[in-house]
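Analysis of the macromolecular model
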Amino acid sequence: MMNKPKFHIFVCTSSRANGQQKGYCHTKGGVELVAKFMEEIEDRDLGGEVFVNNTGCFGICEQGPVVVIYPGGTWYKGVTPDDVETIMEEHIEGGNIVERLAL
């Protein structure tokens, strides 16, 4: 039986239903964000507790790259690789929303 993660992080990488990756979040480093989250999760030994997935478009491309975290359904906008550490520290480990990035 699979353990459900405590947190699930979704990162837009602009993947479309037809498999193409195009669009704002893809060109703005969405794929790099996924890698950075995975790295941070591993560094903090949170592999069993925090899952990260790339997603298709959330429909608010001009606010991208967009990151959505459950539980809570917190949406973050304009996330850069430098913000990943902050999100991990403040939100995932600290339980506080990173207000400057919140949508």
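Residues numbered from 1 in each chain as written. Predicted model: local features only at pLDDT ≥ 70, side-chain atom pairs only at ≥ 80, totals over all residues. Heavy atoms only, no water.

Moving on, we get to the environment of Gly64. Relative to the assigned elements, Gly64 resides in the loop between β2 (50-56) and β3 (67-70). For Gly64 and Ser14, which are 50 residues apart along the polypeptide, the C-alpha to C-alpha distance reads 9.8 Å. (Helix = DSSP H or I, 4+ residues; strand = E, 2+ residues; numbered from the N terminus.)

Turning to the pattern of salt bridges, a few remarks are in order. Working definition: two side chains of opposite charge can pair if their charged atoms are close together. Across all of its chains, the model carries six salt bridges by this definition. The shortest N-O distance in the salt bridge between Glu49 and Lys6 comes to 3.4 Å. With Glu49 in the loop between α2 (30-43) and β2 and Lys6 in the segment before β1 (7-15), this pair connects stretches of sequence that are 43 residues apart. The exposed category is assigned to Lys6, whose relative accessible area is 52%. Measuring nitrogen to oxygen at the nearest pair gives 3.8 Å for the salt bridge that ties Glu40 to Lys36. Placement of the pair is Glu40 and Lys36 together in helix α2, with a separation of four residues, close to one helical turn. There is no split in this pair, since Glu40 and Lys36 are both buried. Each of the salt bridges in this network shares a partner with another, and the network as a whole consists of Lys36, Glu40, Arg44, Glu89 and Glu93. (Salt bridge = Lys/Arg side-chain N within 4 Å of Asp/Glu carboxyl O. Buried < 20%, exposed > 50% of the residue type's maximum accessible area, 1.4 Å probe, protein only.)

Our focus in this paragraph is a negative patch on the surface. Together, Glu32, Glu39, Glu42, Asp43, Asp45, Asp82 and Glu85 give the surface a local cluster of negative charge. Listing elements by their share of the negative patch, those giving two or more residues are α2 and α3 (81-93). With four residues, the single largest contributor to the negative patch is α2. Along the chain, Glu42 falls in helix α2. (Patch = residues over 30% accessible without salt bridge, like charges linked within 9 Å, V, L, I, M, F, W, Y side chains within 5 Å. Areas by Shrake-Rupley, 256 points an atom, 1.4 Å probe, with all protein chains shown as cover. Lys, Arg positive; Asp, Glu negative; His and termini not counted. Charge placed at Lys NZ, Arg CZ, Asp CG, Glu CD.)

Taken as a whole and judged by the stated rule, the model has two aromatic pairs. Both rings, one in Phe10 and one in Tyr70, keep their centres 6.0 Å apart while their planes meet at 75 degrees; by these two values the pair is edge-to-face. With Phe10 in strand β1 and Tyr70 in strand β3, this residue pair connects regions lying 60 residues apart in the sequence. Residue Phe10 is classed as partly exposed on the basis of its relative accessible area of 22%. Taking the relative accessible area as the measure of exposure, Tyr70 reaches 40% and is therefore partly exposed. (Phe/Tyr/Trp six-rings, centres within 6.5 Å; stacked < 30°, edge-to-face > 60°.)

Detailed reading of the predicted model is not advised wherever pLDDT is low. With 87% of its residues at a pLDDT of 70 or more, the protein chain has an overall mean of 89. Taken element by element, the predicted model of the protein chain shows its lowest mean pLDDT in helix α1 (residues 24-27) (70) and its highest in strand β4 (residues 74-76) (98). (pLDDT = per-residue confidence, 0-100.)

Before going further, it helps to examine the environment of Val66. With respect to the helices and strands, Val66 occurs in the loop between β2 and β3. Sequence spacing of Val66 and Phe10 is 56 residues, and the spatial spacing of their C-alpha atoms is 8.4 Å. Once residues within four sequence positions are removed from consideration, Val66 is found in contact with Phe10, Val11, Cys12, Cys25, Phe58, Ile60, Trp75 and Tyr76. (Contact = heavy atoms within 4.5 Å.)

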